[in-house]
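Structural features, examined
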Amino acid sequence: HALEEYHNSKISEEVKILKEEEERSRAEEEKRKQRLVKNSERVCFRRNKLAEKQQKREYDLEQSRKNEADKLEKLQNLAATVPYHSAIIAKKADLTKSTAARMNDIYDYPDESDLKDFQQGLKKLTGFTTEKVFSDPKFRLAHALHQSGKANSAYSLAVVKKLIPRQSERTTGIGGS
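The paragraphs below set out a description of the structure included in this document. (Residues numbered from 1 in each chain as written. Predicted model: local features only at pLDDT ≥ 70, side-chain atom pairs only at ≥ 80, totals over all residues. Heavy atoms only, no water.)

Attention now moves to the overall build of the protein chain. In terms of helices and strands, the protein chain carries seven helices and zero strands. Shown N-terminal to C-terminal, the secondary structure of the protein chain runs as helices and strands in the order α-α-α-α-α-α-α. Taking all 177 residues of the protein chain together, 4% fall into the buried category. Within the protein chain, contacts between residues at least 6 apart in sequence are counted, and of these 3% link residues at least 24 apart. Summed over its atoms, the accessible surface of the protein chain is roughly 17100 Å², and 55% of this surface lies on carbon and sulfur atoms. (Helix = DSSP H or I, 4+ residues; strand = E, 2+ residues; numbered from the N terminus. Buried < 20%, exposed > 50% of the residue type's maximum accessible area, 1.4 Å probe, protein only. Contact = heavy atoms within 4.5 Å. Areas by Shrake-Rupley, 256 points an atom, 1.4 Å probe, with all protein chains shown as cover.)

Spelled out as structure tokens, the structure:
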């Protein structure tokens, strides 16, 4: 008997809690509906403001395009007033023709005609043979260090300083042993 009363009281408590929850959810739904009605005015206002802002942005963009087109047209009209405008437009580029700057760039030293001849393409560049390059002990040392993979080590720096002494620079003091 006591057990039945306990179960009945538990069931009645659960029913009471469910009714309260239903009541609360109905009240919340009612409040939400009231808020929707109340806020609908503000939502419409915000949507209208957003639409106005978008229209203004589009209008400003269109105006800037028109202004740019007007500016370009004015520049073209100004360029057309230059007497030699048609000659500039009709001018074709001649890639074989040298410019005045290039003509003035040629080194012209009375005793050294070789450089001028080379710059004008009259002479070919000649260099050292492989035997001549490999006969230099400095080059052979550098080549051997690079092949061994030790070219950037502190040991290779010490070897180079010892075998190939260098005078220090007069102005900066860089170099030397």
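On to the environment of lysine 138, then. On the secondary structure map, lysine 138 appears in helix 6 (residues 137-148). According to the relative accessible area criterion, lysine 138 is partly exposed, its value standing at 48%. Separated by 25 residues in the primary sequence, lysine 138 and leucine 163 have C-alpha atoms spaced 8.4 Å apart.

An α-helical segment advances 3.6 residues per turn. Residues three or four places apart therefore align on the same side. Taking 1.5 Å of rise per residue, the twelve residues of helix 6 would be expected to cover 16 Å, and the 16 Å separating its terminal C-alpha atoms lies within 8% of that figure. Looking one or two residues past helix 6, glycine 149 carries a phi angle of roughly 80 degrees, positive in sign. (Expected span 1.5 Å × (residues − 1).)

Next up on the list: the pattern of salt bridges. By the definition in use, this model includes six salt bridges. For arginine 65, the salt bridge goes to glutamate 62, with nearest N and O atoms at 3.9 Å. Of this pair, arginine 65 and glutamate 62 both sit in helix 1 (residues 2-80), separated by three residues, roughly a single helical turn. Under the relative-accessibility criterion, arginine 65 is labelled exposed at 51%. A residue is classified by how much of its surface remains accessible, and glutamate 62, at 36% relative accessible area, is partly exposed. (Salt bridge = Lys/Arg side-chain N within 4 Å of Asp/Glu carboxyl O.)

Limitation: the analysis is restricted to geometry and does not speak to function.
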